[in-house]
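# Summary of structural features
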Amino acid sequence: MRIFTFLVVLMICSSNMAQDQLEVHTETVELTKEQKKEEKKKKEAEDKRFIELAEKRAVLLQQELNLSNYASDRIKKMIIKYSKQANKVIQSNASASEKSKDLSNIVYFQNEDFKKVLTVHQFYKYLKLTDI
């Protein structure tokens with residue numbers, strides 16, 4: 001009888017411990033979900049900001065370089081793409097010299113992509129606008 005009573009008490013204790021562990025795990029999962037939602041909102045806001053800036057820059061370049069709507073749209077997409085890459089480099093924990101090198105590479109590849117869309121005259125005018 002004593003053994004049976006001991007086993008019942010032991011089962012109740014282990015059940016309570018399992019319940020406590022389950023509650024802790026559930027709370028952790030809920031916090032993780034909240035953090036993911038927060039990060040997603042932050043990323044969406046950041047993406048929206050990049051799009052707004054890219055649209056402004058594309059409109060400016062369209063006016064200055066006499067771009068077609070098609071060329072302006074392609075330029076806008078490139079600006080968004082390379083702005084996101086540059087932001088990742090800036091936010092990284094790399095050294096200043098490494099960041100500088102990476103940002104220079106991003107500008108180089110952006111300009112290479114711009115060459116594919118712009119005429120020679122438009123590209124040189126773009127370079128003058130950016131003082132490169």
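Okay, so let's go over this structure.

Applying the stated criterion to the full structure yields 10 salt bridges. Of the charged contacts in the structure, one is a salt bridge between Lys-77 and Asp-73, with a shortest N-O distance of 3.5 Å. Here Lys-77 and its partner Asp-73 are both found in helix H2 (residues 69-91), 4 residues apart, which amounts to about one turn of the helix. The exposure class of Asp-73 is partly exposed, given its relative accessible area of 30%. Its salt-bridge partner being Glu-112, residue Lys-115 comes within 3.1 Å of it at the nearest N-O pair. Separated by 3 residues within a single helix, Lys-115 and Glu-112 lie in helix H3 (residues 96-117), roughly one turn from each other. Under the relative-accessibility criterion, Glu-112 is labelled partly exposed at 25%. A cluster of three or more residues bridged by salt bridges with shared partners is formed by Glu-55, Asp-73, Lys-76 and Lys-77.

In this structure the tally under the stated criterion is 4 aromatic pairs. Between Phe-123 and Tyr-124, the ring centres sit 6.2 Å apart and the planes meet at 70°, which makes this aromatic pair edge-to-face. Given the relative accessible area of 52%, Tyr-124 is considered exposed. Connected via pairs of aromatic rings, a cluster forms that spans Phe-114, Phe-123, Tyr-124 and Tyr-126.

If you check H3, its first and last C-alpha atoms are 32 Å apart, about what 22 residues at 1.5 Å a residue would give, namely 32 Å. Ile-106, Gln-110, Asn-111, Asp-113, Phe-114 and Val-117 are the residues of H3 that are buried. Viewed along the axis of H3, the buried residues span an arc of 160°, placing them on a single side of the element. With respect to the buried face of H3, the exposed residues turned more than 90 degrees away are Ser-97 and Lys-116.

Reading guide: rules and limits
- Residues numbered from 1 in each chain as written.
- Predicted model: local features only at pLDDT ≥ 70, side-chain atom pairs only at ≥ 80, totals over all residues.
- Heavy atoms only, no water.
- Salt bridge = Lys/Arg side-chain N within 4 Å of Asp/Glu carboxyl O.
- Helix = DSSP H or I, 4+ residues; strand = E, 2+ residues; numbered from the N terminus.
- Buried < 20%, exposed > 50% of the residue type's maximum accessible area, 1.4 Å probe, protein only.
- Phe/Tyr/Trp six-rings, centres within 6.5 Å; stacked < 30°, edge-to-face > 60°.
- Expected span 1.5 Å × (residues − 1).
- Arc of directions from axis to C-beta.

Just geometry here; none of it tells us what the structure is for.
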